[in-house]
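# Per-entry structural report
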Amino acid sequence: MSDSGHSQPGLYGPDRRRRWNRDRDLGPPGGPQSLSGSGRERDYGPWDRERRVSAGEWEGPWGGVMWGPAPHPPRSVPQETAEEPVGSIMQKTPIILAKPPAERSKLAPAPVPVPPATVPTPMEKPIVLMKSREEGKGPAGASDGAVQAPMVTTKGEKEGQRPTQPVYQIQNRGMGSTTSSSTMDPVVGQAKLLAPEKMKHSIKLVDDQMNWCDSAIEYLLDQTDVLVVGVLGLQGAGKSMVMSLLSANQPEEDQRAYVFRTQSQEIKERGGNQTSGIDFFITQERIIFLDTQPILSPSILDHLINNDRKLPPEYNLPHTYVEMQSLQIAAFLFTVCHVVIVVQDWFTDLSLYRFLQTAEMVKPSTPSPSHESSGSSGADEDTEYYPHIVFLQNKAKRENFCPRNLKQMHVVIDKIMMHSHLKYKGTLSMLECNIFPGLPYDYLDTEVNLFLLPFADSDADDALPRAAPAGGPLFSLLPGYKGHPSFQSLVAKLRSQIMSMARPQLSHTILTEKNWFHYAARIWDGVKKSSALSEYSRLLA
């Protein structure tokens, strides 16, 4: 170019174009010649461009060849743009995406110092009592002892999935707040692990109209270790007091604070009954106690007659209705209880044993799980479920504890119940609990489930005769002879033997507390609609 800025004459003339075509056809000095003889198919390699640049020749902005120092470093030409059409002289300006190195170095941001790597504090593993089946499965190569962090899943992954077992998470120490929506709240997990509120008094399972009540399910859990104890007896025999002493109360407590309300003095004077229907109570040891209204109660019959209560249409006479109510309650207890305590305050009433045998006859048919699983086919006693029966002689006198009288009582009960399928012997013994230390274990030929309880106020010191002062100073300090252990000691021995009894399976499946409640509701509905009881009531009329 000239000093005025214009290009030199002849730079783009015919001579320059001929020279440019010649260089394309012949190639660089000492280089290989074009085999085709045409410069249009010539492709310059990188070494051609380097030679031309070193000679002061560079490409112009329109594809022409310029001479002189290049304003910028040579640009690399892509392989697909090296081939030109035959008649093309002018080329499009290539688009440069990158800036020159000088400008890039000026605009480059200052390097930010990298902070030293910190070791994250290890998270404490949450205490999990039970894991779901999906969480328990790890990778195939992972070892069993490896501790893995809990996986955070999205809501979409967990939606529609229910673990086979609930996950109880007690605490969430060291865990972040980014948890899944399906993860159980620790407060909810603790609430599920806690036992229900302790019962302070009994509630209704069956009301006085013989209707089922659902309030008891609030105190039940989903666990299978449960013992169900029921009670039967005549009016005023002491059923509620015995059940209170076995469940939650002590003999020295006030009877007005018992969990099962006992007869007040006014009710005793009026000749009435305290309990109506079936009362429910469960202890912290997961033992269910069922207190019932008196069987064959004269006070209930008097209430029906004097108050002109309307009887159900299937019953014509009041005494038939009272007896059918008692049979329904007894048949219900024989089906849903592990232990049934029969309380009587004198020995003995033959009508009571006749009533027990009738209730055994009309009870619902429930296959015994042990024989059902073994597949044995035998007599009825091998395929029916029957509970343990305990005969409790309440308000026993001193002469009842005489070994000779005790033996006669066992013989009488065994003779009366010899044809019964109820388990009335072999599960409770007064000889094995050291009540009669001088008697051998084989003193009774046939020992039935009989237990004696004296009067509750028999331990009063003023009611016991003391030794005469003339006998010496030692004998004057000793209590009088009672003929039996103290009332508190006998209650404790009875409680230990009742709670240690076997807990056979009530149905073909293992029942939890809540499952037992639903099973009992179904049995009660079946008892009220039983065809056997309806036929029996028709024969009574």
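The following paragraphs examine the structure supplied in this document. (Residues numbered from 1 in each chain as written. Predicted model: local features only at pLDDT ≥ 70, side-chain atom pairs only at ≥ 80, totals over all residues. Heavy atoms only, no water.)

## Thoughts on the overall build of the chain
Looking only at helices and strands, one finds 17 helices and 9 strands in the chain. Taking contacts inside the chain between residues at least 6 apart in sequence as the whole, the part at least 24 apart equals 67%. Looking at the chain as shown, the accessible area adds up to about 33,000 Å², and 55% of this sits on carbon and sulfur atoms. (Helix = DSSP H or I, 4+ residues; strand = E, 2+ residues; numbered from the N terminus. Contact = heavy atoms within 4.5 Å. Areas by Shrake-Rupley, 256 points an atom, 1.4 Å probe, with all protein chains shown as cover.)

## Some points on the pairing of strand β5 (residues 278-282)
Counting buried residues in β5 gives 5 out of 5 residues, a clear majority hidden from the surface. Burial along β5 is two-sided: Ile278, Phe280 and Ile282 facing one way and Asp279 and Phe281 facing the other are all buried. Of the pairings in the sheet, the one linking β5 to strand β6 (residues 287-292) comprises 5 bridges and is antiparallel in character. By the bridge assignment, Ile278 is partnered in β6 with Thr292. Counted between consecutive antiparallel strands, the loop separating β5 from β6 contains 4 residues, among which Arg286 sits at a positive phi close to 60°. (Buried < 20%, exposed > 50% of the residue type's maximum accessible area, 1.4 Å probe, protein only. Pairing = 2+ DSSP bridges.)

## A few points about the packing of helix α9 (residues 298-306) against helix α10 (residues 318-336)
Two measures define how a pair of helices packs: the angle their axes make with one another and the distance between the axes. Where α9 contacts α10, the axes come no closer than 9 Å and their chain directions differ by 140°. Our classification of the angle between α9 and α10 gives oblique. Considering how the two elements wind past one another, α9 and α10 form a crossing that is right-handed. For the pair α9 and α10, contact is made by Ile300, Leu301, Leu304 and Ile305 and by Pro318, His319, Tyr321, Val322 and Gln325, respectively. (Axes fitted to C-alpha atoms, helices over the stretch in contact; angles between N-to-C directions. Parallel < 35°, antiparallel > 145°, perpendicular 65-115°, else oblique. Left-handed = near helix turned anticlockwise from the far one by under 90°.)

## Here we look at the pattern of salt bridges
Enumeration according to the criterion identifies 9 salt bridges in this entry. Between Glu266 and Arg270 there is a salt bridge, and its shortest N-O distance comes to 3.9 Å. Placement of both Glu266 and Arg270 in helix α8 (residues 265-270) is noted, with a separation of 4 residues, approximately one turn of the helix. Under the relative-accessibility criterion, Glu266 is labelled exposed at 57%. For Glu535, the salt bridge identified is with Arg538, shortest N-O distance 2.3 Å. One end of the pair, Glu535, and the other, Arg538, are both in helix α17 (residues 531-540), 3 residues apart, so they sit about a helical turn from each other. Taking relative accessible area as the criterion, Glu535 reaches 37% and is therefore assigned partly exposed. (Salt bridge = Lys/Arg side-chain N within 4 Å of Asp/Glu carboxyl O.)

## Considerations on unusual backbone geometry
Residue Thr348 is reached from Phe347 by a cis peptide bond, and omega for that bond is -10°. Within the element layout of this structure, Thr348 appears in the loop between β7 (339-344) and α11 (350-362). Here the phi dihedral of Met210 falls at roughly 65°; this positive angle occurs in a residue that is not glycine. With respect to the helices, strands and loops of the structure, Met210 is situated in the loop between β3 (203-206) and β4 (227-233). By relative accessible area, Met210 is classed as buried at 4%. A positive phi angle, near 50°, is found at Leu296, a position not held by glycine.

## Some remarks on the sheet that holds β6
What the 7 strands build is an open sheet, ordered β3-β5-β6-β4-β7-β8-β9; its pairing is mixed. Where the open sheet ends on each side, the last strands, each with one partner, are β3 and β9 (450-454). For this sheet, the mean angle separating the axes of adjacent strands, direction not counted, is 30°. Sheet analysis places β4 next to β7, joined by 5 bridges and oriented parallel. The residue of β7 that forms the bridge with Val229 is Val339. Its contacts with the sheet put helix α7 (residues 239-247) on β4, β5, β6, β7 and β8 (388-396), and the angle it makes with β6 is roughly 170°. Contacting β4, β6, β7, β8 and β9, helix α15 (residues 487-499) crosses the sheet at an angle of about 150° to β9.

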